[in-house]
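Architecture at a glance
Listed here are the chains, written in short residue letters.
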Amino acid sequence: MVVKEELSKLGLRYTAVELGEAEVLEDVSAEQHGRLQAALLKWGLELMDDKKSVLIQQIKTVIIELIHYSEEPLAIKFSEFLSQKLNHDYTYLANLFSEVQGTTIEKFFIAHKIERVKELLVYDELNLTEIADLMYYSSVSHLSTQFKKVTGLTPSHFKQLRNKRRSMLNDV
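Below is a summary of the structure that appears in this document.

Calculation criteria
Residues numbered from 1 in each chain as written. Predicted model: local features only at pLDDT ≥ 70, side-chain atom pairs only at ≥ 80, totals over all residues. Heavy atoms only, no water. Helix = DSSP H or I, 4+ residues; strand = E, 2+ residues; numbered from the N terminus. Rg over C-alpha atoms; globule rule 2.2 N^0.38 Å. 1 Å grid on protein atoms, 1.4 Å probe; cavity = no way out; pocket = protein on both sides within 12 Å on 5 of 7 lines; lining within 4 Å. Points joined across faces, edges and corners; volume = space filled by probe spheres on them. Nonpolar A, V, L, I, M, F, W, Y, C, P; charged D, E, K, R; others polar. Phe/Tyr/Trp six-rings, centres within 6.5 Å; stacked < 30°, edge-to-face > 60°. Buried < 20%, exposed > 50% of the residue type's maximum accessible area, 1.4 Å probe, protein only. Lys NZ or Arg CZ within 6 Å of the ring centre and 35° of its normal. Salt bridge = Lys/Arg side-chain N within 4 Å of Asp/Glu carboxyl O.

This paragraph deals with the overall build of the protein. Within the protein one finds nine helices and two strands. Scanning the protein from its N terminus toward the C terminus, one meets helices and strands in the order α-β-β-α-α-α-α-α-α-α-α. Taken over C-alpha atoms, the radius of gyration comes to 20 Å for the protein, far larger than the 16 Å a tight globule of 172 residues would show. In terms of its C-alpha atoms, the protein occupies a principal-axis envelope of roughly 55 × 45 × 30 Å.

The structure is reproduced here in structure tokens:
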């Protein structure tokens, strides 16, 4: 909504504004570009012109949407899914992501999966088996191993620390 409003204020017509992307119908003058960039910065948004930066952001968006908002399991390998979604060879995407971000797509993907697992553990509505199923882990053991590798804690220890911290706050 913010992007649409700012584009309209500058008299720029657009065909689509989606998460991380806007399609403008006409050429944007240097003045309009500068004003748009300043306006978006006030809202904590950044204008990206560099095609590589845009592609990196698209990779992140696909991963975040897949982990946090999708309830459907992938019917194909993640690398194929990403390639199809972004219309680029996976090797190119992986190399670009690693070069710019300093980490691999796989590590970024796993880090977000573990963050989602942490959220689910904090909500305390699902047991570990249900969380493993929801996050498409092959087993609770696989989830626990990956969780410990990323956080240094087992899922149950993470949950205990959270509960201990909550009880300490109640004592205050």
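Alright, that's what it looks like, and here's the rest.
Vacant regions in the atomic arrangement are exposed by a probe of water-molecule size rolled over the atoms. Quantified by volume, the second largest pocket comes out at close to 360 Å³. Forming the walls of the second largest pocket are 16 residues, and the residues nearest its centre are Leu66, Phe109, Leu134, Met135 and Tyr136. Looking at the lining of the second largest pocket, the elements with two or more residues in it are helix H3 (51-68) and helix H6 (105-123). In the lining of the second largest pocket, the residues fall into ten nonpolar, two polar and four charged.

Before going further, it helps to examine the packing of aromatic side chains. Per the stated rule, a full pass over the model turns up three aromatic pairs. For the ring pair Phe97 and Phe108, a centre distance of 5.5 Å and an interplane angle of 65° mean the geometry is edge-to-face. Linking Phe97 in helix H5 (residues 90-101) with Phe108 in helix H6, this pair joins segments that are eleven residues apart in sequence. Owing to a relative accessible area of 15%, Phe108 belongs among the buried residues under this scheme. Sitting over the ring of Tyr137, Lys113 keeps its end group 4.0 Å from the ring centre.

Here the focus is unusual backbone geometry. Its identity is not glycine, yet Asn87 carries a phi of approximately 55°, on the positive side. Along the chain, Asn87 turns up in the loop between helix H4 (78-86) and H5. For Asn87, a relative accessible area of 65% corresponds to the exposed category. One non-glycine residue, Asp124, adopts positive backbone phi at about 60°. In this fold, Asp124 is placed in the loop between H6 and helix H7 (128-134). For Asp124, a relative accessible area of 44% corresponds to the partly exposed category.

For the coordinates displayed, the defined rule picks out five salt bridges. The shortest N-O distance in the salt bridge between Glu119 and Arg116 comes to 3.1 Å. Note that Glu119 and Arg116 are positioned in helix H6 at a spacing of three residues, about one turn of the helix. Asp124 is the partner of Lys159 in a salt bridge, and the nearest nitrogen-oxygen pair spans 2.7 Å. Remark: Asp124 occurs in the loop between H6 and H7 and Lys159 occurs in helix H9 (residues 155-171); sequence separation between them is 35 residues. Judged by relative accessible area, which is 22%, Lys159 ranks as partly exposed.

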